[in-house]
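Close look at the chain arrangement
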Amino acid sequence: MRTIAVILSTILLLPMASANGDATKGQTKAAACAACHGADGNKALTPEYPKLAGQGAKYLDKQLKDFKSGARKNAVMSAQAAGLSDEDMADIAAFYSTLEVQHAAVPEQYIKLGERLYRAGDKDSGIAACAACHGPQGIGVESAGFPAVGGQNPQYTILQLKMFRDGSRNNDAGQMMRNVAAKLTDEQIEALAYYLVGLH
């Protein structure tokens, strides 16, 4: 209960800037993004790249700004974001938020552990339930800028959780994801990542 209270208090302290972009303009501006993320935001060039379809506009807008500023490190994305204006980023984020993410079947061996961690966390390890911030259906919390995770490529999720765990990704508000990921084992990360592919 204390963990949920800490999460909720952190949400209230987050900056409430929003991406009020134009999805129609964003579709045109996202043409270059399709090479890696697919025209519909679902067909990533490699499994380590994220699906962008259905992602919250506020979250995507922040990630693009973080890539541009260097707050989030990725050579490819930093180069892509470098030439984008704030309006461009808001428009692209708005466009991807209108698309529908595609889900897949969850491999049987990941359901029990993945579902338990996602819905209830792990009290013994002090791991908060993922659903507290990402919602019971994995659609995220747009007002807080928390991302949608349901339907995401498992290889991308595994990579990001390990990067949060080792601190090489550090653009999370209040170190929330780093604090959670630091307690996750490789087995738990894999189970969560594959459980999420079918969460909706």
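Below: a short report on this structure. (Residues numbered from 1 in each chain as written. Predicted model: local features only at pLDDT ≥ 70, side-chain atom pairs only at ≥ 80, totals over all residues. Heavy atoms only, no water.)

1. Details of the overall build of the protein chain
Just so we agree on the cut-off: By the criteria applied, helices consist of DSSP H or I runs no shorter than four residues and strands consist of E runs no shorter than two, each listed in order from the N terminus. Per-residue accessibility, obtained with a 1.4 Å probe over protein chains only, is compared with the maximum for each type, and a residue is labelled buried under 20%, exposed over 50%, and partly exposed between these values. Residues are treated as being in contact if the distance between any of their heavy atoms lies within 4.5 Å. Computed with a 1.4 Å probe, the accessible areas rest on the Shrake-Rupley method; for each residue, only the protein chains presented here act as cover. Counting rule for charge: Lys and Arg are taken as positive, Asp and Glu as negative, and neither His nor the chain ends is counted. Where a charge lies is defined by one atom per residue type: Lys uses NZ, Arg uses CZ, Asp uses CG and Glu uses CD.
Of regular secondary structure, the protein chain possesses 11 helices and 0 strands. Ordered by position from N to C terminus, the α and β elements of the protein chain give α-α-α-α-α-α-α-α-α-α-α. Taking the principal axes of the C-alpha coordinates as reference, the protein chain spans close to 45 × 35 × 25 Å. Across the 200 residues that make up the protein chain, the buried fraction comes to 46%. Summarising the internal contacts of the protein chain: among those between residues at least 6 apart in sequence, 69% fall at separations of at least 24. Of the roughly 10300 Å² of accessible surface on the protein chain, 58% is carried by carbon and sulfur atoms. Here the protein chain contributes 20 positive and 20 negative side-chain charges, whose respective centroids are spaced 4 Å apart.

2. Considering the environment of Cys33
With respect to the secondary-structure elements, Cys33 resides in the loop between α2 (23-29) and α3 (34-37). For the pair Cys33 and Asn153, spaced 120 residues apart in the sequence, the C-alpha separation amounts to 17 Å.

3. What to know about the pattern of salt bridges
The condition that has to hold: When a carboxyl oxygen of Asp or Glu lies within 4 Å of a side-chain nitrogen of Lys or Arg, that pair is called a salt bridge.
Tallying each qualifying case throughout the model produces 11 salt bridges. The shortest N-O distance in the salt bridge between Arg119 and Glu115 comes to 3.7 Å. Of this pair, Arg119 and Glu115 both sit in helix α7 (residues 108-120), 4 residues apart, which is roughly one turn of that helix. In this structure, Arg165 engages Asp186 in a salt bridge whose closest nitrogen and oxygen atoms are separated by 2.6 Å. Linking Arg165 in helix α9 (residues 154-166) with Asp186 in helix α11 (residues 186-196), this pair joins segments that are 21 residues apart in sequence. For Arg165, a relative accessible area of 30% corresponds to the partly exposed category. Where salt bridges share partners, they join Lys25, Lys29, Glu87, Asp88 and Asp91 into one cluster.

Shape is all these values report; function is a separate question.
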